[in-house]
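Fold and contact review
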Amino acid sequence: MTDAAPATPLETQREIDRSHMTVSDEVAIQISGMNKWYGSFHVLRDINLTVYRGERIVICGPSGSGKSTLIRCLNRLEEHQQGEIVVDGTELSNDLKNIDKIRSEVGMVFQHFNLFPHLTILENCTLAPIWVRKVPKKEAEETAMHFLEKVKIPEQAHKYPGQLSGGQQQRVAIARSLCMRPRIMLFDEPTSALDPEMIAEVLDTMIELAEEGMTMLCVTHEMGFARKVANRVIFMDQGQIVEQNEPEEFFNNPQSDRTKLFLSQILGH
Amino acid sequence: MSDTHAQTVRFVRESMLPEQEPPLAESGVLKWVRENLFSGWLNILLTVLSLAFIWFVLSHLLPWFLNSVWSAGSLSECREIRDEVFGPDASSACFAVITDRWHQLVFGFYPPEFYWRPIVALLLFLAAMAPVLFAGIPRKALWFSAAAPFLIYFVLWGGTIWGPLAVALGFVVGYATFVGLSRFNALLATLGAIVVPILYWLFVAGPLAGALASVLPIGLTFVPSDDFGGFQLSFIIGMAGILLSLPLGILLALGRQSNLFIINKTSVAFIEIIRGVPLIVWLFTASLLLNYFLPPGTNFDLMLRVIIMVTLFASAYIAEVVRGGLAALPKGQYEAADALGLDYWRSMRLIILPQALKISIPGIVNTFIGLFKDTTLVVFIGLLDPIGLSNAIRASTEWNGIYWELFVFIGLMFFICCFSMSRYSIYLENKLQREHR
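Listed in UniProt under the heading Sequence similarities (unreviewed entry), the comment for chain B reads: "Belongs to the binding-protein-dependent transport system permease family. HisMQ subfamily."

The UniProt entry for chain A carries this comment under Sequence similarities (unreviewed entry): "Belongs to the ABC transporter superfamily."

Now the structure itself:
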């Protein structure tokens with residue numbers, strides 16, 4: 001089990017700099033007794049989870065286990081029907097003001113990038129800062145170029161999303177979120193729609209982000225990433241948290257039978 | 001077995017091949033003709049048949065056009081000229097009716113001494129549309145476009161200039177109310193921005209304009225709507241309908257997608273009722289029935305009523321076309337806009353509508369073209385659009401018996417307008433093309 005090599009070569013090639021990866025005891029997200037239904041289908045059942053600032057959490061599990069739905073509840077892309085979610089000290093309720101406040105503090109990266117195809121890369125990155133944060137255009141563009149350099153594609157700034165490869169698009173999507181200077185980043189299967197060669201470049205960007213101490217929640221099947229970067233791995237099945245542990249323990253010594261089965265299936269070949 | 005096989009299969013490319021031009025025989029005019037016109041027996045037969053058909057049509061139509069008479073006072077004079085020049089059996093068009101009645105066809109019964117006013121209005125209209133239609137013009141010109149409707153109204157109808165100015169001031173009042181109230185509450189501000197201007201228009205605008213006019217009488221001679229006719233009338237109704245129905249249609253489409261129960265159901269009911277009844281019925285409603293519902297004594301301009309009906313009718317269609325565009329957008333676009341913290345109106349204006357409208361361009365322009373041609377229906381409620389005028393012209397003793405020339409001309413004018421719209425929509429689609437080529 002220990003030498004089950006991750007499929008992504010690039011990110012394993014360098015040592016992770018852990019000097020800024022510190023978990024504080026300040027609570028970033030608090031979920032208590034949360035339940036969600038789609039019609040009569042009970043998707044999320046009694047979720048209790050506390051995320052501390054600086055934590056890097058990987059959520060994994062079979063498809064349909066509710067992991068995407070869980071992180072989509074954190075910025076109200078999905079509504080929960082029972083229980084309490086507090087993000088950054090603000091409770092998620094029907095109050096539109098609170099929702100907009102939380103959304104502007106929480107960045108999200110989607111499986112299918114969801115860049116705005118009618119805007120250039122630069123416009124994609126400056127739109128929300130200009131219209132939500134009221135940042136002057138000049139300043140927003142400088143910030144955008146800073147983050148585009150960080151994800152290593154400043155030369156694409158004036159192209160349209162359709163002209164970029166999948167990996168590049170996903171890195172732009174990450175830069176677009178970062179331009180809002182979020183305190184928490186959510187990743188919803190960010191590499192699932194990418195070719196293997198492009199997965200590495202996106203994971204590299206995510207690792208750099210983790211090294212800077214960003215609070216991250218990632219739904220992903222990249223177990224190499226989980227092992228290297230995460231400080232906590234959560235395994236979900238049938239809408240419930242089945243097991244959570246530190247990555248070493250989680251991969252080497254899984255406790256529940258469901259987790260063992262899942263790990264043997266995704267690491268077995 | 002595997003050993004021998006591996007030897008024959010082994011291959012390593014040492015240099016990559018450069019790109020090459022296609023062979024010469026695979027390009028050029030000859031290839032096109034061979035491939036598209038004469039590629040097989042069936043194809044050759046169809047080509048020959050098509051050419052024969054084109055020749056048949058042209059051989060009948062061309063002499064009629066080429067032998068046409070452009071200058072005569074009546075149909076009988078036309079026939080005399082034809083008999084003299086081309087012989088009595090020649091087929092000949094009498095376009096003299098167009099030159100003779102040109103002013104009437106274009107301006108209707110607008111007073112001849114004021115013909116410059118519709119021309120100025122048209123120039124104002126074109127200047128106002130330019131910055132809306134084409135990107136190369138400075139954005140500041142849009143302020144002129146916003147002021148143009150009031151100017152154009154003033155130039156066409158005349159009267160005191162304070163009337164249109166007082167109406168325009170209503171929008172400023174609305175905006176000021178919105179800015180003033182939005183410090184307290186967004187919903188209150190929106191309501192105020194709708195209610196206050198309406199109250200202003202109903203109770204303040206009229207007396208204000210009257211007072212200003214008595215102090216400082218600036219104006220043009222008033223021309224009543226009854227004098228409007230011809231292409232001028234079609235153009236005013238058509239363009240006003242087009243320009244007003246687009247924003248209304250977009251709002252209806254958004255209303256139909258809304259989660260708010262009352263807004264949603266109102267939009268659905270409006271769209272279905274307007275769309276489910278023929279336009280001609282709405283026009284009769286506008287011309288006859290509306291007077292029964294309005295307080296006695298209110299004189300509500302017939303042309304204005306027609307413009308309102310045509311606008312409402314087209315906006316129901318636009319709403320459905322735009323709804324198609326909205327539905328075609330991936331859900332991820334809505335989610336990405338939400339996740340960035342954009343509120344509803346900003347995400348609609350900046351993310352959703354630009355893309356949805358781009359998808360809907362062909363449908364929207366289709367509706368516009370339909371609307372523009374449907375303006376000819378106003379002939380049934382007694383407005384003298386080109387069709388109505390053609391009936392009047394044919395009823396006169398000079399031109400009794402003329403049919404084709406008038407309708408060919410009217411058709412051509414409509415075709416030019418509609419074809420330009422169609423071309424513009426293709427230009428716009430290409431300009432907004434963002435996909436990788």
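Resuming the write-up.
**Considerations on the overall build of chain B**
The number of helices and strands found in chain B is 18 helices and two strands. In terms of overall size, chain B is more extended than a compact globule, its C-alpha atoms giving a radius of gyration of 30 Å where 437 residues would be expected to give roughly 22 Å. A principal-axis box enclosing the C-alpha atoms of chain B has dimensions of 105 × 80 × 40 Å. Relative to its 437 residues, chain B shows a buried fraction of 38%.

**Section: the interface of chain B and chain A**
On the chain A side, the residues contacting the 20 residues of chain B number 25 residues. Taken together, the two surfaces of chain B and chain A that pack against each other cover about 2000 Å², and 61% of this comes from carbon and sulfur. Of all residues in chain B, Ala339(B), Leu340(B) and Arg434(B) give up the largest surface area on contact with chain A, accounting jointly for 32% of the area buried on that side. Taken together, the connections running from chain B to chain A amount to one salt bridge.

**What about the domain arrangement of chain B?**
Residues and elements named next belong to chain B. If you check the domain split of chain B, you get domain 1 (38–99), domain 2 (160–220) and domain 3 (224–435). Spacing between the C-alpha centres of domain 1 and domain 3 amounts to 36 Å. Facing 13 residues of domain 1, the contacting portion of domain 3 comprises eleven residues. In total, domain 1 and domain 3 occlude about 920 Å² of area from one another, counting both sides; carbon and sulfur atoms represent 81% of this. Taken as a group, Leu 75, Val 97 and Ile 98 account for 55% of the area that domain 1 buries against domain 3, more than any other trio of residues on that side. Where domain 1 packs against domain 3, one counts zero salt bridges.

**Quick notes on helix α18 (residues 404–431) of chain B**
The end-to-end C-alpha distance of α18(B), which contains 28 residues, comes to 39 Å, matching closely the 40 Å that a straight helix rising 1.5 Å per residue would cover. What α18(B) keeps buried is the set Glu405(B), Leu406(B), Phe409(B), Ile410(B), Phe414(B), Cys418(B), Met421(B), Tyr424(B), Ser425(B) and Leu428(B).

**Notes on the sheet that holds strand β1 (residues 27–38) of chain A**
All names here are of chain A. Strands sit in the order β2-β1-β4-β5 across an open sheet of four strands; the sheet is antiparallel. Bordering the open sheet on either side are β2 (41–52) and β5 (90–91), each of which pairs with just one other strand. Pairing geometry for β1 and β2, over eight bridges, is antiparallel. When the sheet's bridge partners are listed, Ile 31 is paired in β2 with Leu 49.

**So, the pattern of salt bridges**
Tallied over the entire structure, the rule returns 27 salt bridges over all chains. Here Arg72(A) ties to Glu335(B) by a salt bridge, and the two come within 2.6 Å at their closest N and O atoms. Here Arg72(A), found in helix α1 (residues 67–73), pairs with Glu335(B), found in helix α15 (residues 331–339), and the two come from separate chains. There is no split in this pair, since Arg72(A) and Glu335(B) are both buried. For Arg275(B), the salt bridge is made with Glu320(B), and the minimal N-O distance between the two is 3.8 Å. Of this pair, Arg275(B) sits in helix α12 (residues 261–276) while Glu320(B) sits in helix α14 (residues 302–328); the two residues are 45 residues apart in sequence, bridging distant segments of the chain. Sharing partners across several salt bridges, the network here consists of Lys36(A), Arg72(A), Glu78(A), Lys331(B) and Glu335(B).

**As for the UniProt feature "domain: ABC transporter" (unreviewed entry) in chain A**
The UniProt record annotates "domain: ABC transporter" (unreviewed entry) at residues 29–263 of chain A. Taken end to end, residues 29–263 of chain A is 39% helix and 26% strand, and its two terminal C-alpha atoms sit 27 Å from one another.

Cut-offs used in this document
Residues numbered from 1 in each chain as written. Chains lettered and ligands numbered in written order. Predicted model: local features only at pLDDT ≥ 70, side-chain atom pairs only at ≥ 80, totals over all residues. Heavy atoms only, no water. UniProt positions renumbered as here; feature names shortened; annotations may be inferred. Helix = DSSP H or I, 4+ residues; strand = E, 2+ residues; numbered from the N terminus. Rg over C-alpha atoms; globule rule 2.2 N^0.38 Å. Buried < 20%, exposed > 50% of the residue type's maximum accessible area, 1.4 Å probe, protein only. Contact = heavy atoms within 4.5 Å. Buried area = accessible area lost by both parts, 1.4 Å probe. Salt bridge = Lys/Arg side-chain N within 4 Å of Asp/Glu carboxyl O. Domains from an automatic or database assignment. Expected span 1.5 Å × (residues − 1). Pairing = 2+ DSSP bridges.

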